[in-house]
Amino acid sequence: MSSRIPLPYSPKVLKYFKNPKNLGPMENPTVEAMAGSPACGDMIRLYLRIADVGGEEVIKEATFESYGCAANIAAASVLTELIKGKTIKEAWKISWKEISDELGGLPPIKYHCSILAVGALKRAVRAYYGGKELPPWLPKELTAEERQTMEEEEMIERIYGRSPKMK
Amino acid sequence: MSVEGLLREHGQPEREVYFDHENSGWVPPEVVEAMLPYFNRKGFGHPSITNKPGWEAYEAVWRVKEHLVKELNAGGPQNLVFTHSGTEANNLAVLGSAIASGRKGGKVIVSSVEHLSVIFPAEFAAKLLGMKVIKVPVDEEGFVDPEVLSAYMDKDTVLVSVQAVNHEIGTIQRVKELVKVVKENNPEALFHTDACDAFGRIKLDVKELGVDLLTLSSHKILGPKGVGVLYVKEGVKLEPVIRGQLSTQTLWPGVENVPAIVGFGKAMELAFKDFSNQVRRVKSLRDKLLNGLLNEVPETLLNGPKGDLRAPDNVNISFLYVEGEAVTVELSLKGIYASSGSACTSRILEPSHVLLAIGRKHEEAHGSILFKITRYHTDGDIDYALQVVPEAIKRLRSISSLKPSHPKQ
Ligand SMILES: Cc1ncc(COP(=O)(O)O)c(C=O)c1O
């Protein structure tokens, strides 16, 4: 096979992989977003139900679907656990590192899985404010996680574009 | 990082069936038994030293070489080199012949589906010696077309390396025809075949094939890890690529791994006992698993050819809409051990070059799962796999964000 790499996952990855929390599509979500691509082998779709609670916009429900490796599924599931019940503003602050730490520290080659999860969340938040006035805490320019998510998606486009498959 | 906690969380599956013989595997008890005396009872000396334990070691190595000569029609033990792995034997073949050619700016031709232990040394030879590496394309079943190969041949070609059987998709190359084409174009060019996955599956006769160099690996025939063999046809010049104290061999220094070589000899004996019946049985189990999975699970692709041009032990299927690493983990939890050509298991986050070379798209390669059948598998093992694998795919598809029902991104 291709050049292998060891993947010493923590037991938490396996736990979430076996019993993912908040799995599945949501009926009538307030907003949904997707990050990654089939060609990367990593893709997360995130669904949020957002409600106004005493003037604050709170994530009442969060679910996901994931096409990806065990770490990808675990990262998406952990993200939904972390953001449930938080205000959008609080959720925005969650970093890829927090997700990785929550999973007992992902192997470095799998960091992109937690980056992708956060990338999907940030996309969902931006979609939520699409056409509305941005709250002051929401930066106009893309965050590191959003940029990296886009880079991964674009990289695979480039690889595809560059290497015509022999047929 | 330790994976002790991971193993605890994984737990002990009730039933276990090992199908990951592509990557490595367990060793039959007879092989272990055969090796044991050579650790501390006899032949534990150095095979080129003049004392009794040394001569016993020499004798043990010699016997295995004689046995190999018979199985390969290799002419004589002097035409065989033991290395410490198939990877090392391929390095010796490719780098050793490129260097020995004395050429600057020659050409090395490999197929695009070779094992990395052929492709990387070819690229390294190119870098060291200013040579050109050509990766010959294959068709959608992994075959090298003799005419296509012929078109790449010229007087600068130093070496052509095309494997006998592909390790991932089981394509049995028409080596004899390829050798003929190469020699017709340039009689000076050497032909190497990596036969690691062919040995013990199909008949190999080096004279009949006409190859100059041929590689074997012990753990690909249920022998211990850490023994490789290179057949070097009489008169073929190689430059040793590892330097040090020579022992019984001139192309590979260092003390021979005697217990492992003895184990390899035993594994070979078992592999060739009642050969045609064993192969027939393995092939029927292969087809049972292969057809069973293709019938049971919707949205699949068979990777590699069908029927007699496929290695008798190889099952490689892409399950669309799921990612292979997740599948191997899910299967492992149920005691089915297999591997994937997905990018997620790789160092470079690129899927298997073999699957890309046969024209699979990235997402098709990501969902590939490889099973290897041995003569030790039973009908019950295959039945168990046919129960577990479809369930695993079903669960992961239920998680997947990539489904036919979802519109494209
Ligand atoms: C086709 C092929 N060539 C070479 C090798 C390398 O052999 P080893 O693992 O002994 O280094 C393998 C092993 O997987 C193989 O399948």
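What counts and how
Just so you know, the residues in each chain are numbered from 1, in the order the chain's sequence is written. Chain letters start at A and ligand numbers start at 1, both assigned in the order the entries are written. Per-residue local features of the predicted model are confined to residues with pLDDT of at least 70, and side-chain atom pairs are confined, for both listing and counting, to 80 or more; whole-chain, interface and lining totals are unaffected and use all residues. In computing side-chain values, all of the structure's heavy atoms are included and hydrogens and water are not. Residues are labelled near a given molecule or strand when at least one of their non-hydrogen atoms is within 4 Å of it. Polar contact is defined as a pair of N or O atoms within 3.5 Å, subject to the rule that within protein one atom must be able to donate a hydrogen and the other to accept it, and that residues adjacent in sequence are counted only when both atoms are side-chain atoms. Using a 1.4 Å probe, the Shrake-Rupley method yields the accessible areas, and only the shown protein chains count as cover for residues. Only DSSP runs of H or I covering at least 4 residues are called helices, and only runs of E covering at least 2 are called strands; the numbering of each starts at the N terminus. Throughout, the ten residues Ala, Val, Leu, Ile, Met, Phe, Trp, Tyr, Cys and Pro are labelled nonpolar, Asp, Glu, Lys and Arg are labelled charged, and all others, Gly among them, are labelled polar. Two strands pair if DSSP finds at least two bridges between them. When the strands point away from the viewer, a crossover counts as right-handed if the path from the first strand over the helix to the second runs clockwise. Exposure above 30% relative accessible area and the absence of a salt bridge qualify a residue for a patch, where like charges join within 9 Å and nonpolar side chains (Val, Leu, Ile, Met, Phe, Trp, Tyr) within 5 Å. One speaks of a salt bridge when a side-chain nitrogen belonging to Lys or Arg is within 4 Å of a carboxyl oxygen belonging to Asp or Glu. Relative accessibility thresholds used throughout: buried, under 20% of the residue-type maximum; exposed, over 50%; partly exposed, between the two (1.4 Å probe, protein chains only). An automatic or database domain assignment provides the domain bounds reported here. A contact between two residues is defined here by any heavy atoms of the two lying within 4.5 Å. Buried area counts how much accessible surface, traced with a 1.4 Å probe, disappears from two parts once they are put together, with both parts' losses summed. Put simply, a nonpolar core is a bunch of buried Ala, Val, Leu, Ile, Met, Phe, Trp, Tyr and Cys residues held in one set by side-chain atoms that sit within 4.5 Å of each other. Angular values range over 0 to 180 degrees, each being the angle between N-to-C directions of two axes fitted as lines to C-alpha atoms, with helices fitted over their stretch in contact. Angle categories: roughly parallel below 35 degrees, roughly antiparallel above 145, roughly perpendicular from 65 to 115, and oblique for all the rest. Two helices that cross are described as forming a left-handed crossing if the nearer one is turned anticlockwise from the farther one by less than a right angle, and a right-handed crossing if clockwise. In this count, Lys and Arg are taken as positive residues and Asp and Glu as negative ones, while His and the chain termini are left out. In plain terms, the charge of a residue is placed at NZ if it is Lys, CZ if Arg, CG if Asp and CD if Glu.

Here we look at the site of the ligand
Residues and elements named next belong to chain B.
Piece 1. Neighbouring residues of the ligand: 14 residues in total, closest Thr-87, Asp-194, Asp-197, His-219 and Lys-220.
Piece 2. The side chain of Thr-87 places a nitrogen or oxygen atom 2.6 Å from an oxygen atom of the ligand.
Piece 3. Between the ligand and His-219 there is a distance of 2.7 Å, counted from an oxygen atom to a side-chain nitrogen or oxygen.
Piece 4. Across the complex, the protein chains shield 90% of the 390 Å² of accessible surface that the ligand would expose by itself.
Piece 5. With three residues, the single largest contributor to the shell around the ligand is helix α5 (residues 86-100).
Piece 6. Residues belonging to the shell around the ligand are distributed by class as follows: one nonpolar, nine polar and four charged.

Quick look at the pairing of strand β4 (residues 132-136) of chain B
Residues and elements named next belong to chain B.
Piece 1. Sheet analysis places strand β3 (residues 107-111) next to β4, joined by five bridges and oriented parallel. Its bridge partner being in β4, Ser-111 is matched across the sheet by Val-136.
Piece 2. For the crossover that starts at β3, traverses helix α6 (residues 116-129) and ends in the parallel β4, the hand is right-handed.

Describing a nonpolar patch on the surface
Piece 1. Taken together, the side chains of Val32(B), Leu36(B) and Phe39(B) make up a nonpolar region of the molecular surface, amounting to roughly 250 Å² of accessible area.
Piece 2. By relative accessible area, Leu36(B) is classed as partly exposed at 35%.

Remarks on the domain arrangement of chain B
Residues and elements named next belong to chain B.
Piece 1. Each assigned domain of chain B is listed with its residue range as follows: domain 1 (3-19 + 275-399) and domain 2 (30-271).
Piece 2. Placing a centre on the C-alpha atoms of domain 1 and another on those of domain 2 gives a separation of 28 Å.
Piece 3. Every contact between the two is made by 25 residues of domain 1 and, on the other side, 30 residues of domain 2.
Piece 4. In total, domain 1 and domain 2 occlude about 2,100 Å² of area from one another, counting both sides; carbon and sulfur atoms represent 58% of this.
Piece 5. The interface formed by domain 1 and domain 2 contains 10 residue pairs in polar contact (both at pLDDT 80 or more).

Notes on the nonpolar core
Piece 1. The biggest cluster of nonpolar side chains holds 80 residues, and the ones touching the most others in it are Leu48(A), Leu289(B) and Phe371(B).
Piece 2. Top contributing element to this core by residue count: helix α15 (residues 379-399) of chain B, with 10 residues.
Piece 3. Counting residues in hydrophobic clusters, the runner-up holds 66 residues, among them Val136(B), Leu178(B), Ala267(B) and Ala271(B).

Re the packing of helix α12 (residues 324-333) of chain B against α15(B)
All names here are of chain B.
Piece 1. Interaxial distance between α12 and α15 falls to 10 Å at its minimum, and their mutual angle equals 130 degrees. Considering their axes alone, α12 and α15 lie oblique with respect to each other. Judged by the sense of rotation from one axis to the other, the crossing of α12 with α15 is right-handed. Note on element contacts: α15 touches α12 through Val-388, Val-389, Ala-392, Ile-393, Arg-395 and Leu-396, opposite Ala-326, Val-327, Glu-330 and Leu-331.
Piece 2. Partitioned by chemical class, the residues of the contact of α12 with α15 number eight nonpolar, no polar and two charged.

Considerations on a negative patch on the surface
Piece 1. Taken together, Asp139(B), Glu140(B), Glu141(B), Asp145(B) and Glu147(B) make up a surface patch of like negative charges.
Piece 2. Looking at where Glu141(B) falls in the secondary structure, it is placed in the loop between β4 and α7 (146-152).

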